[in-house]
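Listed below are the residues making up each chain.
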Amino acid sequence: MDSSPDPRDPSSQQDSNDVSIPIESEPEIKQTDDSSDGDSSDAEPATYFRHLSLKYFASEPLRMVDQHTYLMGSCLEYNNPEAHYIEGINQYFFRKRRVKGIRHLRRSAKGKYDKGTYLCGILMLCTGKIKEGKRVLDTLDWQRRLSTSERCWVKIKKTLSVYPIDRDNKYLNNMARLKPPRSCDLQNNNHLCKNCYYFFRVEKFVQYVHHR
């Protein structure tokens, strides 16, 4: 039997051996911008926390639900885009606070964090914010580099695997609003245009939610 902690129970996160790892032992936490002399001890807090890499937690956001609150609070205060991505996922999928979750993801997108941008755009499309969702996804320049979108989705899908995600009919209804015209060759994987890109991206998310 699987003995992994239930993500729906915040207390189980505190009892997990995984979340008890001290920050000092997590090598992924580091500044993304190296100073010229290699010494960050004199860095301003705004610069330090905004550019601090949270890669370790971005892959497993649940670790920050009830742990490392000072670190998360400081990074959010100084608009670290990776921190807003982590908080956005936890608010939307764990706390079930969708508006607050999308707000954090929007800030992550504004900070040009690719995974935050992708998830923000998809959730906006799924919840009916069609025009804004399209504008957010367009910043990934998918018409020239589709690989960025696909890479983001692969990583996000793995991250979301531990969250309970509700099957919302609203997602299906809004996906139907995005269905491309018959003139699009939906069977041709090499075909991609503004009429079908958004539909295919939302379809991937909706199918993932409904077939878990």
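None of the values given here were measured: they were computed from a predicted structure. (Residues numbered from 1 in each chain as written. Predicted model: local features only at pLDDT ≥ 70, side-chain atom pairs only at ≥ 80, totals over all residues. Heavy atoms only, no water.)

Participant: Residue-level account of the environment of Asp114, with values.
Facilitator: Tracing the backbone shows Asp114 in helix α7 (residues 114-126). A relative accessible area of 35% places Asp114 in the partly exposed class. Residues Asp114 and Glu82, 32 residues apart in the sequence, show an inter-C-alpha distance of 9.4 Å. (Helix = DSSP H or I, 4+ residues; strand = E, 2+ residues; numbered from the N terminus. Buried < 20%, exposed > 50% of the residue type's maximum accessible area, 1.4 Å probe, protein only.)

Participant: Please set out the pattern of salt bridges residue by residue, giving values where relevant.
Facilitator: One pass over the full model with this rule turns up nine salt bridges. Where Asp166 meets Lys96, a salt bridge forms, and the shortest distance between an N and an O atom there is 3.8 Å. Linking Asp166 in the loop between α9 (146-160) and α10 (169-177) with Lys96 in the loop between α5 (81-94) and α6 (98-110), this pair joins segments that are 70 residues apart in sequence. Look at Asp166 and you get partly exposed, because its relative accessible area is 44%. Residue Arg145 is joined to Asp141 by a salt bridge in which the shortest nitrogen-to-oxygen separation is 3.7 Å. Linked by salt bridges that have partners in common, Asp141, Arg144 and Arg145 make up one network. (Salt bridge = Lys/Arg side-chain N within 4 Å of Asp/Glu carboxyl O.)

Participant: Could you give an account of unusual backbone geometry, with specific residues and numbers?
Facilitator: Even without glycine at this site, Lys96 takes up a positive phi of about 65°. With relative accessibility at 38%, the residue Lys96 sits in the partly exposed group. Unusually for a residue other than glycine, Lys112 sits at a positive phi of about 65°. Within the fold, Lys112 resides in the loop between α6 and α7.

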